[in-house]
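Below are the chains, spelled out letter by letter.
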Amino acid sequence: MQTDSEIAVRRFYEALSTGDTALVDQALAADWEAVPPMRAGGGPQGWKASIAHLRGVFSDLFIEIEDVVVNGDMVAVRALNRAKQTGELLGVEGTGREVEFRAADFHQVVDGRIVRTWHLEDYFAIATQIGLEFTRGA
């Protein structure tokens, strides 16, 4: 049986995966904080703007939640993301390439709403899959 904390966290990912931003208001506290901060700003409006941006960059975005661990007011999530890069990302126009990347998040949940999220994503995997090349400096 899922806890209220896990339900809120799953709504967070469902909103991103489906584009249903009404779920954001059910998942996030009004003063939600992302660490590191998002370009779109904080709070539910910032996450909604980020969802719109990410779904514009990645078509057919699918998020597979692989693990959820609840400990007190903290919920850890390990997720696998799959999508097609159809919009500009990291200076690279949409390639149409399929990408797969992992993310790990730690969400602090209070009274059934996420108040803070620490996010770590495998940007190197994304960059190499969309064709960015990295060379060793001299």
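Located above this text is the structure these notes cover.
This report concerns the structure included in the present document. (Residues numbered from 1 in each chain as written. Predicted model: local features only at pLDDT ≥ 70, side-chain atom pairs only at ≥ 80, totals over all residues. Heavy atoms only, no water.)

Describing the overall build of the protein
- Along the protein, the regular secondary structure elements total 4 helices and 5 strands.
- The linear arrangement of helices and strands in the protein, starting from the amino end, is α-α-β-α-β-β-β-β-α.
- A globule of 138 residues ought to have a C-alpha radius of gyration of about 14 Å, and the protein, at 15 Å, matches this closely.
- Counting across all 138 residues of the protein, residues that qualify as buried make up 38%.
- For the protein, the accessible surface area stands at approximately 7900 Å², while carbon and sulfur atoms represent 52% of it.
- Each charge sign in the protein was given a centre, from 13 positive and 21 negative side chains, and these centres are 3 Å apart. (Helix = DSSP H or I, 4+ residues; strand = E, 2+ residues; numbered from the N terminus. Rg over C-alpha atoms; globule rule 2.2 N^0.38 Å. Buried < 20%, exposed > 50% of the residue type's maximum accessible area, 1.4 Å probe, protein only. Areas by Shrake-Rupley, 256 points an atom, 1.4 Å probe, with all protein chains shown as cover. Lys, Arg positive; Asp, Glu negative; His and termini not counted. Charge placed at Lys NZ, Arg CZ, Asp CG, Glu CD.)

Digging into helix H1 (residues 4-18)
- If you check H1, its first and last C-alpha atoms are 21 Å apart, about what 15 residues at 1.5 Å a residue would give, namely 21 Å.
- Those residues of H1 that fall on the buried side of the exposure criterion are Ser5, Glu6, Ala8, Val9, Phe12, Tyr13, Ala15, Leu16 and Ser17. (Expected span 1.5 Å × (residues − 1).)

Considerations on the side chain of aspartate 105
- Here aspartate 105 is to be found in strand S4 (residues 98-110).
- Among buried Asp, Glu, Lys and Arg side chains, aspartate 105 stands out as unpaired, with arginine 78 the closest opposite charge at 11 Å.
- Excluding residues within four positions of it along the chain, aspartate 105 makes contact with Tyr13, Val75, Ala76, Val77, Thr117, Trp118, His119 and Leu120. (Salt bridge = Lys/Arg side-chain N within 4 Å of Asp/Glu carboxyl O. Contact = heavy atoms within 4.5 Å.)

Thoughts on the pairing of strand S2 (residues 58-71)
- Examined bridge by bridge, S2 and strand S3 (residues 74-85) share 11 bridges and lie antiparallel to one another. Each bridged residue has a counterpart across the sheet, and for asparagine 71 the counterpart in S3 is methionine 74.
- Here S2 hands over to S3 after 2 residues, with glycine 72 in that stretch at a positive phi of 65°. (Pairing = 2+ DSSP bridges.)

Observations regarding helix H3 (residues 43-57)
- Taking 1.5 Å of rise per residue, 15 residues should cover 21 Å, and H3 covers 21 Å from first to last C-alpha, within 8% of that figure.
- Within H3, the full set of buried residues consists of Gly43, Pro44, Gly46, Trp47, Lys48, Ser50, Ile51 and Val57.
- If you follow the buried residues of H3, they end up packed against H1, helix H2 (22-27), strand S1 (28-35), S2 and S3.

Some points on the nonpolar core
- Grouped together as the largest cluster of nonpolar side chains are 32 residues, with contacts concentrated most on Val9, Phe12, Leu28, Trp32, Trp47, Phe58 and Ile114.
- Of all the elements in the fold, those that place two or more residues in this core are H1, H2, S1, H3, S2, S3, S4 and helix H4 (123-129).
- The dominant element in this core, judged by the number of residues it contributes, is H1, at 6 residues. (Core = buried A, V, L, I, M, F, W, Y, C linked by side-chain atoms within 4.5 Å.)

As for the pattern of salt bridges
- Applying the stated rule across the entire model yields 8 salt bridges.
- Residue glutamate 33 pairs with arginine 116 through a salt bridge whose shortest N-O separation is 2.8 Å. On the criterion of sequence distance, the pair formed by glutamate 33 in strand S1 and arginine 116 in strand S5 (residues 113-121) is long-range, its members being 83 residues apart.
- Across the pair arginine 82 and glutamate 100 runs a salt bridge, and its minimum N-O distance is 3.1 Å. In this pair, arginine 82 is assigned in strand S3 and glutamate 100 in strand S4, connecting sequence segments 18 residues apart.

Considerations on the side chain of threonine 117
- Within the secondary structure layout, threonine 117 lies in strand S5.
- In this structure threonine 117 touches Phe12, Trp32, Glu33, Ala34, Val35, Asp105, Phe106 and His107, once residues within four positions along its chain are discounted.

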